[in-house]
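Chain residues, written in single-letter form:
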Amino acid sequence: MKYTWLIDAGHGGMHEGKYMTDPKWGKFYKHPTFTAYEGVTNRKIASLLITKLEDAGIDSVQIHHDYWDTSLSGLVSMANAITGNKVYLSIHSNAGKGKGFEVFTSKGETKSDKLADVFCEHLIFDFPEYPLRQDVRDGDKDKEEDFYVLKKTNCPAVLVELLFFDEIKQAEFLNSAEGQERLANSLFKSIKQINETT
């Protein structure tokens, strides 16, 4: 089935040298030689992904603002106003000094679970150096949480946590052009497969 992909790069970007996510939310980490800003990296990966989708003729809509940290309700309102067959993809990276990837859907068995499994499989294949942190108790690899954008969107929705920005090696990878390209390409391959096979 052909979907329109609603791309959300989580949190705020950088504007006039200022990070637009409130520091109290902790969406950045000061490493010894650089600072990792989650929202900035999310946007770089999302931008690469959107370009790949455009080049492949796959419909997409950027839901996030170029730099403002849009409220969750605002993101959902924009997504829900778009009609047709659509999937919401929220791009994040993690914190907590762990390692690897997580893929989330809302709680319960939904159409999102099948789509999330495709993202899981590509992340496993494309990044053998990083683990997929998974919950297989319900028979699939995604984790389930009632995150607002997963629960409130009126379409299938998947949230990916791409590595841990507060662990230096993963942060260096996230901040690198090579890392961003590899991450965007993995997401693109997942989307292409879903559009061609579901």
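Residues numbered from 1 in each chain as written. Predicted model: local features only at pLDDT ≥ 70, side-chain atom pairs only at ≥ 80, totals over all residues. Heavy atoms only, no water.

Draft legend 1. Just the overall build of the protein chain, in detail. A tally of helices and strands in the protein chain yields six helices and ten strands. The globule rule puts the C-alpha radius of gyration for 198 residues at 16 Å, and the 16 Å found for the protein chain is close to it. Reported as C-alpha extents along the three principal axes, the dimensions of the protein chain are approximately 45 × 35 × 35 Å. Relative to its full complement of 198 residues, the protein chain shows a buried share of 49%. Contacts spanning at least 24 positions in sequence make up 78% of the contacts within the protein chain whose residues lie at least 6 apart. For the protein chain, the computed accessible surface area is about 9,400 Å², with 51% contributed by carbon and sulfur atoms. (Helix = DSSP H or I, 4+ residues; strand = E, 2+ residues; numbered from the N terminus. Rg over C-alpha atoms; globule rule 2.2 N^0.38 Å. Buried < 20%, exposed > 50% of the residue type's maximum accessible area, 1.4 Å probe, protein only. Contact = heavy atoms within 4.5 Å. Areas by Shrake-Rupley, 256 points an atom, 1.4 Å probe, with all protein chains shown as cover.)

Draft legend 2. Summary view of the layout of surface pockets. Taken as a whole, the largest pocket holds about 430 Å³ of empty space. Along the wall of the largest pocket there are 23 residues; nearest its centre are G10, H11, K27, L72 and H92. When contributions to the lining of the largest pocket are tallied by element, the ones reaching two or more residues are α2 (72-80), β7 (86-94), α4 (148-152) and β10 (157-164). The element that contributes the greatest number of residues to the lining of the largest pocket is β7, accounting for four residues. (1 Å grid on protein atoms, 1.4 Å probe; cavity = no way out; pocket = protein on both sides within 12 Å on 5 of 7 lines; lining within 4 Å. Points joined across faces, edges and corners; volume = space filled by probe spheres on them.)

Draft legend 3. Fine view of the pairing of strand β8 (residues 101-105). For β8, a buried count of five out of five residues is recorded, marking the element as mostly surrounded by other parts of the structure. The alternating pattern of β8 places F101, V103 and T105 and E102 and F104 on opposite faces, both of which are buried. Pairing of β8 with β10, which is carried by four bridges, proceeds in the antiparallel orientation. Paired with V103 across the two strands is V160, which belongs to β10. Where the polypeptide runs from β8 across helix α3 (residues 111-126) and back to strand β9 (residues 143-144), its parallel neighbour, the crossover connection is right-handed. (Pairing = 2+ DSSP bridges. Right-handed = clockwise from strand over helix to strand, strands pointing away.)

Draft legend 4. Structural detail: the nonpolar core. Counting 40 residues, the largest nonpolar core has W5, L49, L89 and I91 as its most contacted members. Elements that contribute at least two residues to this core include exactly β1 (4-9), α1 (38-55), β7, β8, α3, β10, α5 (168-175) and α6 (177-197). Filtering out sequence-adjacent residues up to four positions away, I91 remains in contact with I7, D8, A9, G10, N42, I45, A46, L49, V160, L162 and L187. Counting twelve residues, the second largest nonpolar core, distinct from the first, contains V76, Y88, F104 and V149. (Core = buried A, V, L, I, M, F, W, Y, C linked by side-chain atoms within 4.5 Å.)

Draft legend 5. Inspection of α2 at higher detail. Turning to α2, its buried residues are L75, V76 and A79. Along the axis of α2, the buried positions cluster into a sector of 95 degrees, meaning they face one direction only. Those residues of α2 that are buried lie in contact with β1, β7 and α4. (Arc of directions from axis to C-beta.)

Draft legend 6. The packing of aromatic side chains, seen in detail. This model, assessed by the stated rule, comprises ten aromatic pairs. Between Y3 and W5 the ring centres are 6.2 Å apart and the planes differ by 75 degrees, which places this aromatic pair in the edge-to-face class. In this pair, the class of Y3 matches that of W5, namely buried. Put simply, the rings of F101, F127, Y130 and F173 pair up and form one aromatic cluster. (Phe/Tyr/Trp six-rings, centres within 6.5 Å; stacked < 30°, edge-to-face > 60°.)

Draft legend 7. Layout of the sheet that holds β7. Strands sit in the order β6-β1-β7-β10-β8-β9 across an open sheet of six strands; the sheet is mixed. The outermost strands of the open sheet, each flanked by one partner alone, are β6 (60-62) and β9. As paired strands, β8 and β9 are joined by two bridges and run parallel to one another. Within the sheet, the bridge partner assigned to F104 lies in β9 and is K143.

It is worth stressing that arrangement in space is one thing and function is another; only the former is reported here.
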